[in-house]
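Each chain, letter by letter, is given below.
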Amino acid sequence: MSTPLDLKISPQRLAASLAALGKVGALEGGGVNRLALTEADRLGREWTVARMRELGMTVTTDGIGNVMAVYAGTEDLPPVMTGSHIDTVRTGGLYDGNYGVLAGLEVVATLRDAGVRTRRPIAVAFFTNEEGARFQPDMMGSLVYVGGMPLAQALATRATDGPTVGEELQRIGYQGPAAVGCPVVDSFVELHIEQGPVLHQQGLQIGVVEGVQGISWTEFTINGISNHAGTTPMALRHDAGVVAVRIAAFVHDLALRYGGRQLATVGSIQLSPNLINVIAHRAVFTVDLRNTDEATLARAEAEVLEFATQCAAAQGVSCSHRRLARFEPVVFDPLVISLIEQETQALGLSALRLPSGAGHDAQMLARVCPTGMIFVPSVNGLSHNVNEFTEPQDLAQGAQVLLQVLMRLAQRGI
């Protein structure tokens, strides 16, 4: 039986697969648009499933459209799983999510070429609607997989452009027959680009991810009164727009005041009627709060809500809100973290323990099995951007660490 250090992934094959999938939904001038459950997503799924089948893997699709491919082991045991997602934001890059899926398939290709079967099977998955760009919440497929969201609720979720998840799954042919939550897995390791600047700025090769910070998404709606911008005295206005921007400024200042790992973003603001000479009667905007500490995150949420209520009252407008997504911080499994660190050191690569700033499917899988994540550097920290880039050598090194960690997990005793 080969040891992990005897096997080497093919950097060229990995790069070629990333480039090939990147052509599906490609944008003119670079980048990719494969919003969840669109025609481009369907084509991306078909390309990826074909690759899974070329590797002799058993492929299943569940009721929320999650696709699982299993490379059989020598024993009938729960599989060690890796993977991520292949849906993108509207102006995405080649690596976010895709890298984790295709690196998993590269691991299987390496094992298959060497005629190696591990004790436990190795599964590679891609989960539906990780990005949450078209359907909310994000990480929907993995959330349903672990039982955190009822399948019926997920299927009834409406897209920003109208249809439901269930309607779109049926349209593209990916509402599968497999039971949600199957197969039950032994452990899960997700390989991903960092999507932040830390590794690149510090010249480090591997991020050993200790956990994922908590995420709170809230949509606020402010209702006031439209009126003429040139004839309505300032003291007599009921301006939804001014309330929205004051809350946005408060959110930004709150993060600076808290310091540490508190983050806050107002990423979307829509004014109505959105005319230069008309006072806005309606403002709809989002607040994204993140922190690695649950108590601090909850305190930030309460402060924002209190300020929004007071600010709206002072302007004589109404304020309502609804939660779009809420995930508590996640701490990954110490054993998996340790294995990632050990295999990184065995390869002579530099490493840093760090939290993930973005949400990932791994944080959902951590609810049901030992889980960990591996990061590789993102050049200049760019992601969710058509210029997203990771050096080929870094991509290869991350995949090699993944290979060795998966083999350690798949070979260990019961």
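Conventions and cut-offs
- Residues numbered from 1 in each chain as written.
- Predicted model: local features only at pLDDT ≥ 70, side-chain atom pairs only at ≥ 80, totals over all residues.
- Heavy atoms only, no water.
- Helix = DSSP H or I, 4+ residues; strand = E, 2+ residues; numbered from the N terminus.
- Rg over C-alpha atoms; globule rule 2.2 N^0.38 Å.
- Buried < 20%, exposed > 50% of the residue type's maximum accessible area, 1.4 Å probe, protein only.
- Contact = heavy atoms within 4.5 Å.
- Areas by Shrake-Rupley, 256 points an atom, 1.4 Å probe, with all protein chains shown as cover.
- Lys, Arg positive; Asp, Glu negative; His and termini not counted.
- Charge placed at Lys NZ, Arg CZ, Asp CG, Glu CD.
- 1 Å grid on protein atoms, 1.4 Å probe; cavity = no way out; pocket = protein on both sides within 12 Å on 5 of 7 lines; lining within 4 Å.
- Points joined across faces, edges and corners; volume = space filled by probe spheres on them.
- Nonpolar A, V, L, I, M, F, W, Y, C, P; charged D, E, K, R; others polar.
- Expected span 1.5 Å × (residues − 1).
- Polar contact = N/O pair within 3.5 Å; in protein donor to acceptor, adjacent residues only side chain to side chain.
- Salt bridge = Lys/Arg side-chain N within 4 Å of Asp/Glu carboxyl O.
- Axes fitted to C-alpha atoms, helices over the stretch in contact; angles between N-to-C directions.
- Parallel < 35°, antiparallel > 145°, perpendicular 65-115°, else oblique.
- Patch = residues over 30% accessible without salt bridge, like charges linked within 9 Å, V, L, I, M, F, W, Y side chains within 5 Å.
- Core = buried A, V, L, I, M, F, W, Y, C linked by side-chain atoms within 4.5 Å.

Caption draft 1: Local environment of the overall build of the protein chain. Tallying secondary structure elements over the protein chain gives twelve helices and 14 strands in all. Radius of gyration (C-alpha) of the protein chain: 23 Å, near the 22 Å computed for a compact globule of 414 residues. Oriented by its inertia axes, the alpha-carbon framework of the protein chain measures out at about 80 × 45 × 40 Å. Here the protein chain holds 414 residues, and the buried ones make up 56% of them. When contacts within the protein chain are restricted to residue pairs at least 6 apart in sequence, long-range pairs at least 24 apart make up 80% of them. Roughly 16600 Å² of accessible area belongs to the protein chain as shown, and the carbon and sulfur atoms make up 53% of that amount. Positive and negative side-chain charges of the protein chain, numbering 30 and 40 respectively, have mean locations separated by a distance of 2 Å.

Caption draft 2: How the structure looks around empty space enclosed by the protein. In this structure the tally under the stated criterion is one cavity of 30 Å³ or more. Across the lining of the largest cavity, the residue classes tally to one nonpolar, five polar and four charged.

Caption draft 3: View of the layout of surface pockets. For the largest pocket, the calculated volume is near 1200 Å³. Lining the largest pocket are 40 residues, and of these E131, Q136, W217, D288 and R290 lie nearest its centre. Those elements that provide at least two residues to the lining of the largest pocket are strand 7 (214-223), strand 8 (263-265), strand 10 (282-291) and strand 11 (318-327). Per-element accounting of the lining of the largest pocket gives the leading share, six residues, to strand 10. Split by residue class, the lining of the largest pocket holds 13 nonpolar, 16 polar and eleven charged.

Caption draft 4: Spotlight on helix 8 (residues 240-258). Over its 19 residues, helix 8 extends 27 Å from the first C-alpha to the last, a length consistent with the 27 Å expected when each residue adds 1.5 Å. Buried residues of helix 8: A240, G241, V243, A244, I247, A248, F250, V251, L254, A255 and Y258, and no others. Taken together, the buried residues of helix 8 touch strand 7, strand 8, strand 9 (269-272), strand 10 and helix 9 (294-315). The backbone nitrogen of G241 lies 2.8 Å from a side-chain oxygen of the residue at the head of helix 8, namely D239. The positive-phi residue at the C-terminal boundary of helix 8 is G259, with phi of around 65°.

Caption draft 5: Spotlight on the pattern of salt bridges. Within this structure, the stated rule accounts for 22 salt bridges. In this structure, R13 and D113 form a salt bridge, with 2.8 Å as the shortest nitrogen-oxygen distance. In this pair, R13 sits in helix 1 (residues 11-22) while D113 sits in helix 3 (residues 98-113), placing the two residues 100 residues apart along the sequence. On the basis of relative accessibility, which here comes to 27%, the residue R13 falls in the partly exposed class. For D113, a relative accessible area of 57% corresponds to the exposed category. Salt-bridge contacts for R51 lead to E54; the nearest nitrogen and oxygen are separated by 3.2 Å. Residue R51 and its partner E54 are both found in helix 2 (residues 39-54); the two are separated by three residues, about one turn of the helix. Judged by its relative accessible area of 19%, R51 is buried. Connected through salt bridges with shared partners, the residues E39, R42, E46, R134, D161, E168 and R171 form a single ionic network.

Caption draft 6: Highlighting the side chain of N66. Locating N66 in the fold gives a position in the loop between strand 1 (58-61) and strand 2 (67-71). Here the side chain of N66 touches T128 through a polar contact of 2.9 Å, landing on its backbone nitrogen. Excluding anything up to four places from it in sequence, N66 contacts T60, T61, F126, F127, T128, G141, S142 and Y145.

Caption draft 7: Inspection of unusual backbone geometry at higher detail. The amide bond that connects Q136 to the next residue, P137, takes the cis arrangement and shows omega of 10°. Within the secondary structure, P137 sits in the loop between strand 4 (122-126) and helix 4 (140-145). With a phi close to 50°, H384 is a non-glycine residue in the positive phi region. For H384, the location among the structural elements is in the loop between strand 14 (371-376) and helix 12 (392-411). H384 gets classed as partly exposed once you look at its relative accessible area, which sits at 40%.

Caption draft 8: Representation of the packing of helix 1 against helix 12 within the structure. It is the contact of helix 1 with helix 12, at a shortest axis distance of 10 Å, that shows an interaxial angle of 110°. By the angle between their axes, helix 1 is roughly perpendicular relative to helix 12. On helix 12, the residues that touch P11, L14 and L18 of helix 1 are L395, A396 and A399. For the contact of helix 1 with helix 12, the class distribution of residues is six nonpolar, no polar and no charged.

Caption draft 9: Representation of a nonpolar patch on the surface within the structure. On the surface, a cluster of nonpolar side chains totalling about 220 Å² of accessible area is made up of V245, I269 and L271. Owing to a relative accessible area of 39%, I269 belongs among the partly exposed residues under this scheme.

Caption draft 10: Geometry of the nonpolar core. The biggest cluster of nonpolar side chains holds 96 residues, and the ones touching the most others in it are M52, M57, M81, Y99, L111 and V189. With eleven residues, the single largest contributor to this core is helix 12. Once residues lying within four places of it in the same chain are set aside, the contact partners of M57 are M52, A69, V70, Y71, L105, V108, I122 and V124. Counting residues in hydrophobic clusters, the runner-up holds 23 residues, among them V243, A244, Y258 and A264.

Note that every value here comes from positions in space, so none of it alone points to a role or purpose.
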